[in-house]
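Report on the structure
Here is how the chains run, residue by residue.
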Amino acid sequence: MGEQPSAKPKKAAKGSKVKAATPAAGAKAKPESRLAMVRRARRINRELAEVYPYAHPELDFRNPFELLVATVLSAQTTDLRVNQTTPALFATYPTPEDMAAAVPEELEEVIRPTGFFRAKTKSLIGLSTALRDRFDGEVPGRLADLVSLPGVGRKTANVVLGNAFNVPGLTVDTHFGRLVRRWKWTEQEDPEKVEAEIAEIFPKSEWTMLSHRVIFHGRRVCHSRKPACGACPIAPLCPSYGEGETDPEKARKLLKYEMGGYPGQRLSPPADYPGEPAPPAGTSRN
């Protein structure tokens with residue numbers, strides 16, 4: 001697995017194979033050159049591909065419209081909450097035409113669990129109306145068209161392009177931005193500037209899967225407040241090692257989802273996902 005050994009489970013359903021790693025000695029001894037950073041960034045991507053060979057979008061969807069709607073709903077909430085909400089939503093409004101004709105108050109009640117339901121209702125009806133009137137009821141496969149829809153920005157557009165149309169795109173969400181700054185790939189805070197700088201480091205063909213791997217790692221290991229440094233399989237490559245818990249046993253307790261032996265966020269995960277499906281709304285995680 002790459003040039004430098006570190007523990008990387010190909011299937012870490014219960015987190016039992018995640019072992020502590022320590023950063024390379026002298027990693028911070030001198031400033032890192034641009035070339036060295038690019039090489040390290042690409043190696044991190046290769047390592048993450050070994051750790052998360054099953055990385056995938058964590059929103060349930062069956063077609064581009066469902067992915068577009070789910071991504072809009074995912075703002076300021078978890079993918080799990082969205083996935084627990086969308087079955088009833090798409091049973092009632094399966095097409096853009098159906099959603100465009102929705103009574104706002106009724107749509108609000110369906111999506112209320114995702115939060116900010118009034119603003120999201122306005123966006124969903126607006127984008128559905130635009131799809132109906134401007135795109136013959138079909139989700140367009142071009143960035144310029146997608147960002148012209150109400151409530152759709154570059155992040156949402158890239159999610160849809162990469163996962164519904166196989167058009168490479170970088171998904172710069174809060175997890176992605178946090179990790180690429182911790183790894184010193186960029187110092188930018190603005191998502192579009194982050195996207196531009198990361199796009200220069202990796203070939204276009206890697207953009208979509210890189211996004212999944214980084215977001216997976218951010219959700220499972222490299223958390224915002226308590227990163228599990230002592231259980232991180234890419235710790236030797238991380239210039240921010242030590243910001244979180246370095247004790248291996250304590251760090252392992254911080255792992256989430258399949259890395260910690262818990263269900264994931266999707267009710268209908270891909271067949272190769274090593275963890276358990278998330279529970280539907282109103283049920284427990286027994």
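In short, a report on the structure. These numbers were taken from a predicted model, which means no experiment stands behind them. (Residues numbered from 1 in each chain as written. Predicted model: local features only at pLDDT ≥ 70, side-chain atom pairs only at ≥ 80, totals over all residues. Heavy atoms only, no water.)

**Here we look at the overall build of the protein chain**
Along the backbone of the protein chain there are twelve helices and zero strands. When its helices and strands are written in sequence order, the protein chain yields α-α-α-α-α-α-α-α-α-α-α-α. Residue burial in the protein chain is summarised as follows: out of 286 residues, 50% are buried. In the protein chain, of all internal contacts separated by at least 6 residues, the share reaching a separation of at least 24 is 64%. Split by element, the accessible area of the protein chain, about 13700 Å² in all, is 51% carbon and sulfur. (Helix = DSSP H or I, 4+ residues; strand = E, 2+ residues; numbered from the N terminus. Buried < 20%, exposed > 50% of the residue type's maximum accessible area, 1.4 Å probe, protein only. Contact = heavy atoms within 4.5 Å. Areas by Shrake-Rupley, 256 points an atom, 1.4 Å probe, with all protein chains shown as cover.)

**Side note on a negative patch on the surface**
A cluster of acidic residues, Glu 97, Asp 98, Asp 136 and Glu 138, forms a negative patch on the protein surface. Among the secondary structure elements, Glu 138 is positioned in the loop between α6 (117-134) and α7 (143-146). (Patch = residues over 30% accessible without salt bridge, like charges linked within 9 Å, V, L, I, M, F, W, Y side chains within 5 Å. Salt bridge = Lys/Arg side-chain N within 4 Å of Asp/Glu carboxyl O. Lys, Arg positive; Asp, Glu negative; His and termini not counted. Charge placed at Lys NZ, Arg CZ, Asp CG, Glu CD.)

**Notes on the packing of helix α3 (residues 79-92) against helix α5 (residues 104-111)**
The geometry of α3 relative to α5 is characterised by a closest axis approach of 9 Å and an angle of 145 degrees between their N-to-C directions. The segment α3 lies against α5, with Thr 85, Ala 88 and Leu 89 engaging Leu 107, Val 110 and Ile 111. Looking at the contact of α3 with α5 residue by residue, the classes come out as five nonpolar, one polar and no charged. (Axes fitted to C-alpha atoms, helices over the stretch in contact; angles between N-to-C directions. Nonpolar A, V, L, I, M, F, W, Y, C, P; charged D, E, K, R; others polar.)

**Side note on the side chain of Thr 86**
With respect to the helices and strands, Thr 86 occurs in helix α3. Look at Thr 86 and you get buried, because its relative accessible area is 3%. Once you skip the residues sitting within four places of it in the chain, Thr 86 turns out to touch Ala 70 and Leu 73.

**Considering the packing of aromatic side chains**
Centre distance and the angle of the planes are the two values used to describe a pair of aromatic rings. Applying the stated criterion across every chain yields a total of seven aromatic pairs. Centre to centre, the rings of Trp 183 and Trp 185 are 5.0 Å apart; their planes meet at 50 degrees, and the pair counts as tilted. You can call Trp 183 buried: its relative accessible area is 1%. Relative to Phe 202, the ring of Trp 185 has its centre 5.2 Å away and its plane inclined at 55 degrees; by these criteria the two rings are tilted. In this pair, Trp 185 is assigned in the loop between α9 (174-182) and α10 (191-199) and Phe 202 in the loop between α10 and α11 (207-220), connecting sequence segments 17 residues apart. Pairwise contacts between aromatic rings join Tyr 52, Tyr 54, Phe 216 and Tyr 273 into one cluster. Across from the ring centre of Phe 216, 3.7 Å away, lies the NZ or CZ of Arg 220, which sits over that ring. (Phe/Tyr/Trp six-rings, centres within 6.5 Å; stacked < 30°, edge-to-face > 60°. Lys NZ or Arg CZ within 6 Å of the ring centre and 35° of its normal.)

**With respect to the pattern of salt bridges**
In this structure the tally under the stated criterion is 16 salt bridges. For Arg 43, the salt bridge is made with Glu 47, and the minimal N-O distance between the two is 3.9 Å. Of this pair, Arg 43 and Glu 47 both sit in helix α1 (residues 34-51), four residues apart, which is roughly one turn of the helix. Here Arg 43 falls in the buried class, since its relative accessible area comes to 11%.

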